[in-house]
Amino acid sequence: MLGHEFSAVVEKVGNKITHLKPGDRVSIQPHMGPLDGYFGVRGLHFLGTRGAATGLTWPWGGFAQYAVMKGYATVKMPDNLTFRQGALVEPAAVAVTAIDRSGLVPGGSVLITGGGPIGALTALAAHAAGAARIFLSEPNAARRRRIENLGVPVTTIDPTQSSLASSITRETFEGLGCDAAIECAGNPRAISDCLSAVRPQGTVVLIGLTNSKVEISPFDLIVRDIRLQGSLCYPTSLWPRVFSMIESGRLPVDQLVDAVISLDQLVEKGFEPLLDPGGTKMKILVDLNA
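Residues numbered from 1 in each chain as written. Predicted model: local features only at pLDDT ≥ 70, side-chain atom pairs only at ≥ 80, totals over all residues. Heavy atoms only, no water.

A. Highlighting the pairing of strand E12 (residues 257-261). As defined by bridge partners, E12 adjoins strand E13 (residues 283-286) across four bridges and the pair is classed as parallel. Residue Val 257 lies in a different strand from E13, and its bridge partner there is Lys 283. Between E12 and its parallel partner E13, the chain crosses via helix H10 (residues 266-275), and the hand of that crossover is right-handed. (Pairing = 2+ DSSP bridges. Helix = DSSP H or I, 4+ residues; strand = E, 2+ residues; numbered from the N terminus. Right-handed = clockwise from strand over helix to strand, strands pointing away.)

This is the structure in C-alpha cells:
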C-alpha cells in the first residue's frame with residue numbers, strides 16, 4: 001500500500017500506548033524497526049537489517065482510509081499545524097538532515113543541484129539555517145522559475161548553458177566556491193559539478209539516488225580536503241524540530257503544494273503531472289475525505 005508522507009487522525013490505540021488518544025492529529029514518521037541494537041537505539045531504523053518503511057516495505061500506507069502504525073512512528077502534531085503541513089514533514093526532514101550533514105552555518109553559501117521537491121525543500125531548509133547565498137542548478141526553465149518564486153532568495157543556474165563551477169566561483173568570496181553543495185538530482189554530472197563547485201574543506205552531500213558510475217579523483221578530494229557525505233533519510237527524533245521550523249514560519253513547506261486531489265484522481269491529476277519532464281509540479285496531496 002503506497003503512501004509514506006502523510007498525516008492523519010488517531011482512530012484507536014493499543015493497550016500500551018500512552019502518548020496518544022483517539023482524535024489526536026498526527027504526522028507519520030515512516031521508518032520502523034526494533035528499538036534495540038546499534039541503529040535502533042539511535043533512531044536510525046533505515047540503516048538496520050530489520051527495518052521497514054510505511055508505504056514501501058510495511059503492509060500499511062497513506063493511500064487508504066486506515067493504516068496500522070507503530071506508536072513511536074506516530075507523532076502528535078502541534079495544534080497550529082495543518083494536515084497539509086503534517087504530510088510534508090517527512091520530505092522536509094530529508095532536506096533538514098542534509099543541511100545538518102553539510103555543516104552549513106549562518107552566513108554560509110550552498111549549491112543545490114536539482115530543482116525537484118527535495119531540491120526545493122533543501123533550498124528552504126538552507127534559508128532557515130541562515131545561508132547567505134543559495135545557488136540552485138536546474139536545467140528545466142519552468143522549474144527554475146518555480147524555485148525563484150518560493151519566497152526565499154535563491155540564485156538559479158541553467159547548467160546546460162555555462163560551467164556551473166565557473167558560475168559559482170564568480171559569485172563566492174575570493175572565487176573559492178561554496179561552503180557546501182547538496183546533490184538532489186541523482187545525476188552523475190551533477191555530482192561532479194558539486195565537487196568542482198565547493199571550496200577547499202567544503203562538504204558535498206549526496207541525496208539523489210543513482211546507480212550510475214561517477215568518476216571521482218581521490219587526489220582532488222585529498223589535496224582540497226573535501227568531505228563527501230551520503231545522506232539517506234533522518235533520525236526518528238527529528239519530527240518535533242521540523243514541527244517547530246514549520247510552525248515558526250521559517251520552513252514554509254506549503255509553498256510546494258500545487259493541488260489537493262481525491263484518491264480516484266490520483267493517476268490523472270497526481271502521478272501523470274508529476275511525471276511530466278517539462279512540468280513544474282512539486283507536491284500534489286491526496287485528501288481521502290475529498
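B. Here's a closer look at the packing of helix H3 (residues 89-102) against helix H4 (residues 117-128). Direction vectors running N to C along H3 and H4 enclose 55°, while the axes themselves pass 8 Å from each other. If you check the angle between H3 and H4, you find them oblique. Between H3 and H4 the crossing geometry is right-handed. In contact with Pro 91, Ala 92, Val 94, Ala 95, Val 96 and Ile 99 of H3, H4 contributes Ile 118, Leu 121, Thr 122, Ala 125 and Ala 126. Tallied by class, the residues present in the contact of H3 with H4 amount to 10 nonpolar, one polar and no charged. (Axes fitted to C-alpha atoms, helices over the stretch in contact; angles between N-to-C directions. Parallel < 35°, antiparallel > 145°, perpendicular 65-115°, else oblique. Left-handed = near helix turned anticlockwise from the far one by under 90°. Contact = heavy atoms within 4.5 Å. Nonpolar A, V, L, I, M, F, W, Y, C, P; charged D, E, K, R; others polar.)

C. Highlighting the packing of aromatic side chains. Under the definition given, this model contains two aromatic pairs. Measuring from centroid to centroid gives 5.1 Å for Tyr 38 and Phe 39, while their planes differ by 85°, and the two rings are edge-to-face. Since its relative accessible area comes to 29%, Phe 39 is described here as partly exposed. Just above the ring of Phe 83 sits the side chain of Arg 25; from NZ or CZ to the centre is 4.9 Å. The ring of Tyr 38 carries the charged tip of Arg 42 above its face, separated from the ring centre by 3.8 Å. (Phe/Tyr/Trp six-rings, centres within 6.5 Å; stacked < 30°, edge-to-face > 60°. Buried < 20%, exposed > 50% of the residue type's maximum accessible area, 1.4 Å probe, protein only. Lys NZ or Arg CZ within 6 Å of the ring centre and 35° of its normal.)

D. Seen up close, the nonpolar core. Among the nonpolar cores identified, the biggest contains 50 residues, and Val 110, Ile 134, Ile 182, Trp 239, Val 242 and Leu 251 are the most heavily contacted of them. Those elements giving two or more residues to this core turn out to be H3, strand E6 (109-113), H4, strand E7 (133-137), strand E9 (178-183) and helix H9 (239-247). Examining the composition of this core, we find that eight residues originate from one element, H3, more than from any other. Setting aside anything within four residues of it in sequence, one finds Val 242 in contact with Val 89, Ala 92, Ala 93 and Leu 251. Residues Cys 178, Leu 195, Val 204 and Ile 226 belong to the second largest nonpolar core, which totals 15 residues. (Core = buried A, V, L, I, M, F, W, Y, C linked by side-chain atoms within 4.5 Å.)

E. Main features of the sheet that holds strand E5 (residues 74-76). Reading across the sheet, the three strands line up as E1-E2-E5 and stay open at both edges, with antiparallel pairing between neighbours. Across the chains shown, the open sheet's two edge strands, defined by having one partner strand only, are strand E1 (7-9) and E5. In this sheet, neighbouring strand axes are inclined to one another by 40° on average, regardless of whether the strands run parallel or antiparallel. Summarising the sheet, E1 and strand E2 (residues 25-28) pair through three bridges and their orientation is antiparallel. The partner of Val 9 across the bridge, within E2, is Arg 25.

F. Just the pattern of salt bridges, in detail. On inspection of all chains with the given rule, the structure shows 11 salt bridges. Across the pair Lys 21 and Asp 24 runs a salt bridge, and its minimum N-O distance is 3.0 Å. By relative accessible area, which is 6% here, Asp 24 ends up buried. (Salt bridge = Lys/Arg side-chain N within 4 Å of Asp/Glu carboxyl O.)

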